[in-house]
Amino acid sequence: MEKQNKSAMADGRTLVKLVYFSANGDNCEESRDGSIVVRSGCSVLQGRLCFAKFETRKIDDCLEFIRFNILQHSGVHQHPNGTARDKLSIKATGGGAFKFADLFNEKLGILFDKEDEMHCLVGGVNFLLKTVPREAFTYLDGQKEFVQIDHNDLYPYLLVNIGSGVSMIKVDGDGKYERISGTSLGGGTFLGLGKLLTKCKSFDELLELSHHGNNRVIDMLVGDIYGGTDYSKIGLSSTAIASSFGKAISDGKELEDYQPEDVARSLLRMISNNIGQIAYLNALRFGLKRIFFGGFFIRGHEYTMDTISVAVHFWSRGEAKAMFLRHEGFLGALGAFASYKDQSHNNDLESQHHTVQRAILNCSGDNFRHIPVAGNLNEGETIECSINLV
Ligand SMILES: Nc1ncnc2c1ncn2[C@@H]1O[C@H](COP(=O)(O)OP(=O)(O)OP(=O)(O)O)[C@@H](O)[C@H]1O
Ligand SMILES: CC(C)(CO)[C@@H](O)C(=O)NCCC(=O)O
């Protein structure tokens, strides 16, 4: 059986993201009272980082998941009514760290140890780039290429986190960063407007619609304005979008006359283009050549990544590169998890025969060991790693 312990979460406006460490069974054993203890003499725990996400409106599913998958296997004693007798403290970041603090305490006996959202985002990306092979990749013309990260030449870079809103952060080192810009036209805008305009019920449905749509039906192209020709003098091809949704002005059509697929496609293109452009302009402001895009808006979706890449490529005339991350949606939660290593030594430690929560006080990103994993991340995928007990 797997033993699970230490976890961190990022609570967003739309999604709650959970990262937890699951120790391999052979590191630990179960004591007579059912709690999990670390084997005597064991100073390194082998295991893996696991990922889960829940829609904020289904927070009860998240509570159940934690109760059954994490608490029950980690030696936290439960009252018959389901609340924990031992208070467990976990790292939490984002708005939900405030919003759900009482709920988690009441229902699970979990206390949130709050960490700053920007700090966690940066910590999450640095952790990934330094320790997970084949984490970052470029996406252009349908080609995905993994980027070799040179640890000695990682900084500075621009992190663009596309959640409900968009934050743009210049990263200069571990814990050295500045939020230089942002835009309220983000994933929330895409989903919000998409729901209103297409009557879709979910993000997945909206993405699927966009997959089958054609933005040229609604977007006004340069060619629509210039009689089908390029405006080459200013570098605009006839197929470039001159005005997103511009055709709707004069088509004489009502919303119902458009296919939801085409509306979704134009919307996705508009939001992705705009973010790509603002990101590039900010990279230009500070002379940054590398731009990493994260956040759950991307979801490994090819058209989204392609649009962002094309925008960055177009505006920078090929000078700057858009890069994506396989664990794009879990940056904050990973950063919160990695922040355990900042904690000081706990003097309560008497022996290693403590419950895992108490025994694991510290871990160092440098001690994480990972195996490369191919393909896009899905939540079933994990990162092999080990953590040091101190
Ligand atoms: N299953 C999903 N349900 C809802 N939105 C989703 C889903 N998958 C991807 N998204 C997109 O991801 C966005 C939220 O991204 P993310 O969870 O990274 O940000 P957040 O933490 O909620 O917001 P912020 O970073 O602005 O605080 C949504 O606005 C939507 O565009
Ligand atoms: C407010 C946050 C930081 C919350 O995650 C995010 O939604 C965001 O960066 N919004 C964009 C705000 C702005 O800079 O216009």
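For clarity, every value in this text was computed on a predicted model and none was experimentally measured.

Q: I'd like a description of the site of ligand 1, backed by residues and values.
A: The environment of ligand 1 is formed by 18 residues, the closest being Arg13, Lys17, Gly187, Phe296 and Arg299. Within the contact set of ligand 1, an oxygen atom lies 2.9 Å away from a backbone nitrogen or oxygen of Gly165. Computed on the free molecule, ligand 1 has an accessible area of 650 Å², of which 91% lies beneath the protein chains in the complex. Looking at the shell around ligand 1, the elements with two or more residues in it are strand S2 (15-23) and helix H5 (187-198). Ranked by residues supplied to the shell around ligand 1, first place goes to H5 with three residues. Partitioning the shell around ligand 1 into residue classes produces five nonpolar, nine polar and four charged. When we break the shell around ligand 1 down by domain, the ones giving at least three residues each are domain 1 (3-116 + 330-388) and domain 2 (136-218 + 258-325).

Q: If you had to explain the confidence of the model for the chain to someone new, which residues and values would you point to?
A: Detailed conclusions should not be drawn from predicted coordinates in areas where pLDDT is low. Taken as a whole, the chain shows an average pLDDT of 83; of its residues, 78% reach a score of 70 or greater. Throughout residues 343-378 the model reports pLDDT below 50, and contacts reaching past four residues in sequence, or to other chains, amount to 98 contacts. Interface scoring of the predicted complex returns ipTM 0.98; its pTM is 0.87.

Q: Please set out the packing of helix H6 (residues 203-212) against helix H8 (residues 260-286) residue by residue, giving values where relevant.
A: The interhelical angle for the contact between H6 and H8, taken along N-to-C directions, is 100°, at an axis separation of 7 Å. When the axis of H6 is compared with that of H8, the two are roughly perpendicular. Contacts between H6 and H8 involve Leu206, Leu207, Leu209, Ser210, His211 and His212 from the former and Pro260, Glu261, Ala264, Arg265 and Leu268 from the latter. When the residues that make up the contact of H6 with H8 are grouped by side-chain class, the tally is six nonpolar, three polar and two charged.

Q: Mind laying out the nonpolar core, listing which residues take part and the relevant values?
A: Counting residues in each nonpolar core, the largest one holds 61 residues, and the members touching the most others are Met9, Leu49, Ile66, Phe104, Ile110 and Phe112. With eight residues, the top contributor of residues to this core is helix H4 (residues 117-131). When we break this core down by domain, the ones giving at least three residues each are domain 1 (3-116 + 330-388) and domain 2 (136-218 + 258-325). In terms of nonpolar packing, the next biggest core, distinct from the first, is built from 35 residues, Met168, Leu207, Phe297 and Ile308 among them.

Q: A description of the packing of aromatic side chains should follow, citing residues and the corresponding values.
A: Under the definition given, this model contains 14 aromatic pairs. A centroid spacing of 5.4 Å and a plane angle of 70° characterise the contact between Phe296 and Phe330, whose relative ring orientation is edge-to-face. With Phe296 in the loop between strand S15 (290-294) and helix H9 (302-315) and Phe330 in the loop between strand S16 (321-325) and helix H10 (331-338), this residue pair connects regions lying 34 residues apart in the sequence. Residue classification places Phe330 among the buried positions, given a relative accessible area of 2%.

Q: Which residues make up the sheet that holds S15, and what values do they have?
A: The seven strands are arranged S9-S8-S16-S15-S10-S11-S12 in an open sheet whose pairing can be described as mixed. At either end of the open sheet lies a strand with only one pairing partner, and these are strand S9 (143-146) and strand S12 (176-183). Taken over all neighbouring pairs, the strand axes of this sheet differ in orientation by 30° on average, direction set aside. Pairing between S15 and S16: four bridges, direction parallel. Within the sheet, the bridge partner assigned to Phe292 lies in S16 and is Met323.

Q: Please set out the packing of H8 against H9 residue by residue, giving values where relevant.
A: For the pair H8 and H9, interaxial distance at closest approach is 8 Å and the crossing angle is 40°. Viewed along their axes, H8 and H9 adopt a mutual orientation that is oblique. When you trace H8 past H9, the crossing you get is right-handed. Here Arg265, Leu268, Arg269, Ser272, Asn273, Gly276, Gln277 and Tyr280 of H8 lie close against H9, whose contacting residues are Tyr303, Thr304, Thr307, Ile308, Ala311, Val312 and Trp315. Here the contact of H8 with H9 is built from residues that sort into seven nonpolar, six polar and two charged.

What counts and how
Residues numbered from 1 in each chain as written. Chains lettered and ligands numbered in written order. Predicted model: local features only at pLDDT ≥ 70, side-chain atom pairs only at ≥ 80, totals over all residues. Heavy atoms only, no water. Near = heavy atom within 4 Å. Polar contact = N/O pair within 3.5 Å; in protein donor to acceptor, adjacent residues only side chain to side chain. Areas by Shrake-Rupley, 256 points an atom, 1.4 Å probe, with all protein chains shown as cover. Helix = DSSP H or I, 4+ residues; strand = E, 2+ residues; numbered from the N terminus. Nonpolar A, V, L, I, M, F, W, Y, C, P; charged D, E, K, R; others polar. Domains from an automatic or database assignment. pLDDT = per-residue confidence, 0-100. Contact = heavy atoms within 4.5 Å. Axes fitted to C-alpha atoms, helices over the stretch in contact; angles between N-to-C directions. Parallel < 35°, antiparallel > 145°, perpendicular 65-115°, else oblique. Core = buried A, V, L, I, M, F, W, Y, C linked by side-chain atoms within 4.5 Å. Buried < 20%, exposed > 50% of the residue type's maximum accessible area, 1.4 Å probe, protein only. Phe/Tyr/Trp six-rings, centres within 6.5 Å; stacked < 30°, edge-to-face > 60°. Pairing = 2+ DSSP bridges. Left-handed = near helix turned anticlockwise from the far one by under 90°.

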